[in-house]
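Each chain is listed here by its residues.
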Amino acid sequence: MQAINFYKKFRPYSDYIVFGLVLSLAPLMVSIGVLRFAYLTIIAGVVIYAIVALGLNILMGYAGLVSLGTAGFMGVGAYLTAFFTTEIGMGFLPSILLTVAITSIMGIVVGLVSLRVQGFFLAMATLAISEILRQVFIEFSSFTNSFVGRRAGFPSFFALSLDRNQTFILLVAFLVLAMIVTRIITTSYTGRAMSAMSVVSGSEPAAAAMGINILRYKLIAFSIATAFAGLGGALYMHFIRFTIPTDWTFTLSLMFVAVVVIGGVRSVAGTVVGAFVVFGAPDLILANLPVIGDINGMPFVFTGLMIIVVILYYPAGLVYIWQDVKKFMQKRRGAAA
């Protein structure tokens, strides 16, 4: 019995590791011609955006706070990484750790200001902060190089230079780590406290009556979300190695919200599914279809249609389709017997 309980407790983590190992085969698939070379960049983008969306899912799904400023903080992570790797000469790991620490602190500072409002007004406040950050990227040209663009140093790990495939594998490793950390946070006391104060699954007055410090856990949620965004920006620069201010617009922040809604709020696996649907499917699937692939703006149309479908038929997210398929197959087997 204890062995069964242990297996059930740690199965999600082993599933994440297996998923990461399978995803790490993408460079091999490219080298033997199963996947196109460009697909590796698309998949890498899905991996990076999934990491960022995991942080937003904690903020939205558990703390019940809507942020439209994710792109701005991801941009901060990208520019900080570019500075650390080119001006200071930091390697892969030190630059990422310092970037995550700084963006996490920024999340606390910004949270102290913006969390005095709620709901729609909080969304507008975070949107304003993101746009302010984007204007800083444009105007602070001595640091960001404005629209000329900023490049990052070539990624290195413990003095070893990393090629494209090795960097991709590290991206996958960080995704698996982010999934594990998200699972640990959401199943801990911190996750339960955030869930209790959420307007979706709990109540702030009731949570406060139970002794939960509302402001503290809101700031924790905000700090986690901005840290994940900073991590995503850092990884983006280590793989893409170039950025301009227009990479971090309001549209990208909306796409992250779409990832959480489509994949599944409060679901780690759902967030990864949502990232593939929003950032991967348009380029990997739709772009290869006749007629549809030639329509301008088709990714946005596709995302909008998916949001409508999810809201109408799968409000919990596409990740739960598999459960319905299993139930359907069980009913078919029962009827056949």
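Residue positions are counted from 1 within each chain, in the order its sequence is given. Where local features are concerned, this predicted model is filtered to residues with pLDDT of at least 70; where side-chain atom pairs are given and counted, the filter is 80 or more; whole-chain, interface and lining totals use all residues. To obtain the side-chain values, all non-hydrogen atoms of the structure were included, while hydrogens and water were left out.

**Thoughts on the packing of helix H9 (residues 189-197) against helix H11 (residues 214-239)**
Lines fitted to the C-alpha atoms define the axes, with helices restricted to the stretch that makes contact. Angles between their N-to-C directions range from 0 to 180 degrees. Only DSSP runs of H or I covering at least 4 residues are called helices, and only runs of E covering at least 2 are called strands; the numbering of each starts at the N terminus. Here H9 crosses H11 at 110 degrees, and the two axes come no closer than 10 Å. The angle between H9 and H11 places the two elements in the roughly perpendicular class. H9 and H11 meet at a crossing whose hand is left-handed. Along the contact surface, H9 presents Tyr189, Thr190, Ala193, Met194 and Met197, while H11 presents Ile214, Tyr217, Lys218, Ile220 and Ala221. Nonpolar residues are Ala, Val, Leu, Ile, Met, Phe, Trp, Tyr, Cys and Pro. Charged residues are Asp, Glu, Lys and Arg, and all others, Gly as well, are polar. Residue classes in the contact of H9 with H11 are distributed as eight nonpolar, one polar and one charged. Relative orientations are named as follows: roughly parallel for angles under 35 degrees, roughly antiparallel for angles over 145 degrees, roughly perpendicular for angles from 65 to 115 degrees, and oblique for any other angle. Helix crossings fall into two classes, left-handed where the near helix is turned counterclockwise from the far one by less than a right angle and right-handed where it is turned clockwise. For this analysis, residues touch if any pair of their heavy atoms sits within 4.5 Å.

**A word on the packing of aromatic side chains**
Two aromatic rings, drawn from Phe, Tyr or Trp (for Trp, its six-membered ring), form a pair once their centres lie within 6.5 Å of each other, and the interplanar angle then sorts them: stacked below 30 degrees, edge-to-face above 60, tilted otherwise. Under the defined criterion, the tally for this structure stands at 12 aromatic pairs. Arranged with centres 5.1 Å apart and planes meeting at 70 degrees, the rings of Tyr236 and Trp248 form a pair that is edge-to-face. You can see Tyr236 sitting in helix H11 and its partner Trp248 sitting in the loop between strand S4 (242-243) and helix H12 (250-263), a full 12 residues away along the chain. You'll find Tyr236 and Trp248 in the same group, each marked buried. Taking 5.7 Å as the distance between ring centres and 50 degrees as the angle between the ring planes, the aromatic pair formed by Phe256 and Phe279 counts as tilted. Separated by 23 residues along the polypeptide, Phe256 in helix H12 and Phe279 in helix H13 (residues 268-284) bring together distant segments of the chain. Owing to a relative accessible area of 0%, Phe256 belongs among the buried residues under this scheme. Here a set of aromatic residues connected by ring pairs shows up, and it is made of Phe83, Phe84, Phe140 and Phe143. The lysine or arginine in question, Arg150, covers the ring of Phe143, its NZ or CZ lying 6.0 Å from the ring centre. Only protein chains enter the area calculation, which uses a 1.4 Å probe; residues under 20% of their type maximum are buried, those over 50% are exposed, and those in between are partly exposed. Here, a charge over a ring is recorded when the distance from Lys NZ or Arg CZ to the ring centre is within 6 Å and its angle to the ring normal is within 35 degrees.

**Remarks on the pattern of salt bridges**
A pair is scored as a salt bridge if a Lys or Arg side-chain nitrogen falls within 4 Å of a carboxyl oxygen belonging to Asp or Glu. Applying the stated criterion to the full structure yields three salt bridges. The partner of Arg150 in a salt bridge is Glu87, with the nearest N and O atoms 3.2 Å apart. In this pair, Arg150 is assigned in strand S1 (residues 150-151) and Glu87 in helix H4 (residues 70-88), connecting sequence segments 63 residues apart. Between Glu131 and Arg134 there is a salt bridge whose closest N-O contact spans 3.1 Å.

**What about helix H14 (residues 298-313)?**
With 16 residues, H14 ought to run about 22 Å at 1.5 Å a step, and its terminal C-alpha atoms sit 22 Å apart, in line with that. Of the positions making up H14, those classed as buried are Met298, Phe302, Thr303, Met306 and Val310. The buried residues of H14 occupy one face: seen down the axis, they fall within an arc of 135 degrees. Those residues of H14 that are exposed and angled more than 90 degrees off the buried face are Ile311 and Leu312. What a helix should span is 1.5 Å times the count of its residues minus one. Working definition: the arc comes from the directions between the helix axis and the C-beta atoms, pointing outward to the latter.

**Observations regarding the packing of helix H3 (residues 37-62) against H12**
Orientation of H3 relative to H12, taken along the N-to-C sense of each, is 70 degrees, at an axis distance of 9 Å. Classified by the interaxial angle, the pair formed by H3 and H12 is roughly perpendicular. Contacts between H3 and H12 involve Tyr49, Val52, Ala53, Leu56, Asn57 and Met60 from the first element and Leu252, Phe256, Val257, Val259 and Val260 from the second. Classifying every residue of the contact of H3 with H12 by side-chain character gives 10 nonpolar, one polar and no charged.

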